[in-house]
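Structural characterization, general
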Amino acid sequence: MPLAPTPAQTVGPFYGYALPFPGGERIAPAGHPGTVTVHGCVRDGAGAPVPDALLEFWQAGPDGSLTGAPGSLRRDPVTGAVIGRNGVDFTGFGRVPTDADGHYVIRTQPATAPAGCPDAAPYLAVCLFARGLLHHLFTRVYFPEHAAAHAADPLLARLPAERAKTLLARPDGPGRYRFDVHLQQAEDGTYEETVFLAFR
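Residues numbered from 1 in each chain as written. Predicted model: local features only at pLDDT ≥ 70, side-chain atom pairs only at ≥ 80, totals over all residues. Heavy atoms only, no water.

A full pass over the atoms with the stated rule returns seven salt bridges. Taking the shortest distance from any N to any O, the salt bridge between Arg26 and Glu25 comes out at 3.1 Å. Among the salt bridges present, the one from Arg163 reaches Glu192, with a minimum N-O distance of 3.3 Å. With Arg163 in helix α2 (residues 161-164) and Glu192 in the segment after β11 (181-182), this residue pair connects regions lying 29 residues apart in the sequence. (Salt bridge = Lys/Arg side-chain N within 4 Å of Asp/Glu carboxyl O. Helix = DSSP H or I, 4+ residues; strand = E, 2+ residues; numbered from the N terminus.)

Take a look at the structure:
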């Protein structure tokens, strides 16, 4: 006899349970002058927020170095529980889940271009994990105050203008930027899918 179909299930894995750590959104050391806030929403092709995505942010240090500093995942020596950053060192790394409305927020130092990449405009690298994605997605966040450098950037210069706009954060108040991630183009064409990159 033929087997009955199994019930539909959401494809995992689910990242929001164990991977976030205390202070994962605070990439800049506490009280650092010039700290900027980047926030936004992760949305699917229907425009609905994705409430359990996880975003990792990576950026070059103020000197362009990519080594960062240890200290993001400190553990309590007695219990072994993750207690988060030491609050002093700039690690160049942050990890944040989206909330029930698909929203995320990070606080970091202004972006810089990686050393050894003379044509690159300053950016934040983003890695996105979400329910139903069998492979994580890579993208970037560029900032409007570096518009002159965008024309020479090896990535932005190769994209059509409409596609390049999906990588640009929008000013959203003093020291604040909004960067939304769209996993697919809107069904009604109101917004484009965010440009995602192959990692090699």
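Within the largest apolar cluster, 26 residues are counted, with the highest numbers of intra-cluster contacts made by Val42, Leu55, Phe57, Leu124, Leu128 and Phe143. Those elements that provide at least two residues to this core are β1 (36-43), β2 (54-58), β6 (103-108), β7 (123-129) and β8 (137-142). (Core = buried A, V, L, I, M, F, W, Y, C linked by side-chain atoms within 4.5 Å. Buried < 20%, exposed > 50% of the residue type's maximum accessible area, 1.4 Å probe, protein only.)

As a further point, take the layout of surface pockets. The space that makes up the largest pocket amounts to roughly 580 Å³. Looking at the largest pocket, it is lined by 27 residues, and the ones nearest its centre are Trp58, Tyr123, Ala125, Arg140 and Phe199. Every element with two or more residues in the lining of the largest pocket is listed here: β7 and β8. Sort the elements by how many residues they give to the lining of the largest pocket and β7 lands first, with four residues. In terms of residue class, the lining of the largest pocket is made up of 17 nonpolar, seven polar and three charged. (1 Å grid on protein atoms, 1.4 Å probe; cavity = no way out; pocket = protein on both sides within 12 Å on 5 of 7 lines; lining within 4 Å. Points joined across faces, edges and corners; volume = space filled by probe spheres on them. Nonpolar A, V, L, I, M, F, W, Y, C, P; charged D, E, K, R; others polar.)

Right, let's talk about the state of the cysteines for a bit. Going through the model one piece at a time under the given rule, you end up with zero disulfides. Cysteine Cys117 remains unbridged, with the sulfur of Cys127 as its closest cysteine sulfur at 19 Å. Residue class for Cys117 comes out partly exposed when judged on its relative accessible area of 37%. Cys127 takes part in no disulfide bond, and the closest cysteine sulfur, belonging to Cys41, lies 18 Å away. For Cys127, a relative accessible area of 5% translates into the label buried. (Disulfide = S-S within 2.5 Å.)

Right, let's get into the pairing of β7. Burial of β7 is extensive: six of the seven residues sit out of reach of the surface. Sheet analysis places β2 next to β7, joined by five bridges and oriented antiparallel. Within β7, the residue paired with Trp58 across the bridge is Ala125. (Pairing = 2+ DSSP bridges.)

Our focus in this paragraph is the environment of Leu137. Mapping Leu137 onto the fold places it in strand β8. Sequence spacing of Leu137 and Cys127 is ten residues, and the spatial spacing of their C-alpha atoms is 5.6 Å. Setting aside anything within four residues of it in sequence, one finds Leu137 in contact with Val126, Cys127, Leu128, Leu183 and Phe196. (Contact = heavy atoms within 4.5 Å.)

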